[in-house]
Amino acid sequence: SWDYVKKEKSEDMIHVLQFPYNGETPRDRLVETEITPNKDHFVRNHGGIPEIDPQEYTLDISGLVKNPQRLTLADLQNEALFPRQSSTVTLQCSGTRRMEQISVYPGDGDELINAPWSEGAIGNARWTGVSLKKVIKHCGGLVDGADHLEFYGADTYFKKGQAYNYVVSVPWRKVKANEVLLAWDMNGEPLPKIHGFPLRTVVFGYIGARSCKWLYQIKGIRGPSQAPVQKKEYLYYTPQVGKQNAMYSNGFSIQDMPVSSAIMSPVDMAQIVHDGKVRLKGWAYSGGGHWPIRVEVSADGGSVWYEVPPENMSTKYFHGWRLWEIEMPVDAEGWLEFCVRCWDNALNTQPTFVRSAWNWDLHVTSSCHRVKIYSMN
Ligand code: MTE
Ligand code: MO
């Protein structure tokens, strides 16, 4: 996979893991543009990068569908069969901001699987393809009783000495809402190899894990997938649960991403000379079809909040992030704690501290993001 990292990604990607390759967007560029350039978009892999010949490629649709089909890329791209859809969608790994949990608790998670992400395992792209709903309709719909769709990725990953395919599922209602795209195009370019060439799913508002790369098979199934990635990973536990007493059955399978935000500039531990105002920049995002309506920042750890002026927030999309910036009044000198919280259109906001939303498996760190700043004015 290193060849593809060199070919397809920026030189200054933050290499979070070498193999499987996991890379985070360079910090200074994450919030520069509303659309994340392909070469800067974060990469999260569980295994290697499969080589797929687009001429030979077929997508197999089987299981509990009425008329199983095998479609080529040309079939999927035939506009007489399927209307084309483009959507601006933020992909966020549920491990984003994991370092904040790791910094107060080293974690019991599987280090290889749980990459030590900071705030950059998130990106926003314009994806083009066909709605999976139309493809399932083309297959005559689902057989009675089928209520989930299972996605098979062509890559292999190893966990505890065993080899697995990457397999995940989403409920049919998600597909029916036209919120699952089979995409072959990312920001007007063919899907890069490292992002799932030739075809991947893009599941709007869900954790990145359900957006299956190198997709070669879709199956209609009853209930969620029993595959290990779906059943044993991406679980959310209560604070009373740790590695010793965790059972997969008492974890909640994470689908929708909660509301979250981050300060990307200034960076943690920065020293800033200013004349009473400090410029802050960052991102805000909410999954599950929600979107940020308000971003607030504080210079005193969350006692007094200032609203980011709405005109300083980027375009609103149903399934996309919003970048924001603000000149915040800062009188105090010395070490200060800056923090941010976002409100979404369902008026959800973020937990106050990392410890207010603990999960031993280190997924979904969505508490108010905090950075320490040395202020001089
Ligand atoms: N699909 C396959 N086949 N294999 C993978 O390892 N990783 C998933 C998802 N799809 C993965 C996959 C995870 S956990 C995330 S967060 C997203 O891909 C990341 O997508 P990206 O690498 O295009 O940013
Ligand atoms: Mo992920």
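Residues numbered from 1 in each chain as written. Chains lettered and ligands numbered in written order. Predicted model: local features only at pLDDT ≥ 70, side-chain atom pairs only at ≥ 80, totals over all residues. Heavy atoms only, no water.

## Looking at empty space enclosed by the protein
- Evaluation of the coordinates by the stated rule reveals 2 cavities of 30 Å³ or more.
- Approximately 230 Å³ is the volume attributed to the largest cavity.
- Residue lining of the largest cavity: 18 residues in total, with Arg44, Arg200, Gly208, Ser211 and Lys213 positioned closest to the centre.
- Classifying every residue of the lining of the largest cavity by side-chain character gives 9 nonpolar, 5 polar and 4 charged. (1 Å grid on protein atoms, 1.4 Å probe; cavity = no way out; pocket = protein on both sides within 12 Å on 5 of 7 lines; lining within 4 Å. Points joined across faces, edges and corners; volume = space filled by probe spheres on them. Nonpolar A, V, L, I, M, F, W, Y, C, P; charged D, E, K, R; others polar.)

## Notes on the site of ligand 1
- Taken together, 20 residues surround ligand 1, and among them Phe42, Asp155, His195, Arg200 and Lys213 come closest.
- Interatomic distance of 2.7 Å between a side-chain N/O atom of Asp155 and a nitrogen atom of ligand 1.
- Considered on its own, ligand 1 offers 530 Å² of accessible surface; in the complex 100% of this is hidden by protein.
- When atom positions are compared with the pocket grids, ligand 1 is found to occupy the largest cavity.
- At the level of secondary structure, the elements contributing two or more residues to the shell around ligand 1 comprise β3 (43-44) and β8 (148-159). (Near = heavy atom within 4 Å. Polar contact = N/O pair within 3.5 Å; in protein donor to acceptor, adjacent residues only side chain to side chain. Areas by Shrake-Rupley, 256 points an atom, 1.4 Å probe, with all protein chains shown as cover. Sits in = over half its atoms within 2 Å of the grid points. Helix = DSSP H or I, 4+ residues; strand = E, 2+ residues; numbered from the N terminus.)

## Quick word on the nonpolar core
- Formed by 57 residues in total, the largest nonpolar core has its most connected members in Leu76, Leu132, Phe151, Leu182 and Trp283.
- Two domains each provide a minimum of three residues to this core, namely domain 1 (2-253) and domain 2 (260-376).
- Setting aside chain neighbours within four positions, we find Leu132 in contact with Leu149, Phe151, Val175, Val180, Leu182 and Ile218.
- Ranked by size, the runner-up nonpolar core spans 22 residues in total, among them Ala270, Leu280, Val295 and Cys342. (Core = buried A, V, L, I, M, F, W, Y, C linked by side-chain atoms within 4.5 Å. Buried < 20%, exposed > 50% of the residue type's maximum accessible area, 1.4 Å probe, protein only. Domains from an automatic or database assignment. Contact = heavy atoms within 4.5 Å.)

## Observations regarding the sheet that holds strand β2 (residues 22-24)
- Across the sheet, 3 strands lie side by side as β1-β2-β3; this open sheet has antiparallel pairing. Where the open sheet ends on each side, the last strands, each with one partner, are β1 (14-17) and β3.
- Where β2 lies against β3, 2 bridges are found, and the strand directions are antiparallel. Within β3, the position partnered with Asn22 by the bridge is Arg44. (Pairing = 2+ DSSP bridges.)

## Some remarks on unusual backbone geometry
- Residue Phe19 is joined to Pro20 through a cis peptide bond whose omega torsion reads -5 degrees.
- Backbone torsion omega between Ser265 and Pro266 reads 0 degrees, so that peptide bond is classified as cis.
- Summarising the element assignment, Pro266 is placed in the loop between β16 (260-265) and β17 (270-273).
- Phi at Arg97 is positive, roughly 70 degrees, even though this residue is not glycine.
- One can find Arg97 in the loop between β6 (85-92) and α3 (98-104).

## What to know about a positive patch on the surface
- Taken together, the side chains of Lys160, Lys231, Lys232 and Lys243 define a basic patch exposed on the protein surface.
- You can see Lys243 is positioned in the loop between β14 (235-236) and β15 (252-253).
- Owing to a relative accessible area of 44%, Lys243 belongs among the partly exposed residues under this scheme. (Patch = residues over 30% accessible without salt bridge, like charges linked within 9 Å, V, L, I, M, F, W, Y side chains within 5 Å. Salt bridge = Lys/Arg side-chain N within 4 Å of Asp/Glu carboxyl O. Lys, Arg positive; Asp, Glu negative; His and termini not counted. Charge placed at Lys NZ, Arg CZ, Asp CG, Glu CD.)

## Observations regarding the domain arrangement of the chain
- Looking at the chain, the domain boundaries give domain 1 (2-253) and domain 2 (260-376).
- The straight-line distance from the C-alpha centre of domain 1 to that of domain 2 is 27 Å.
- Contacts between the two partners involve 42 residues from domain 1, matched on the other side by 34 residues from domain 2.
- In terms of surface lost to domain 2, no three residues of domain 1 exceed Val31, Arg97 and Gln101, which account for 21% of the buried area on that side.
- The interface formed by domain 1 and domain 2 contains 1 salt bridge. (Buried area = accessible area lost by both parts, 1.4 Å probe.)

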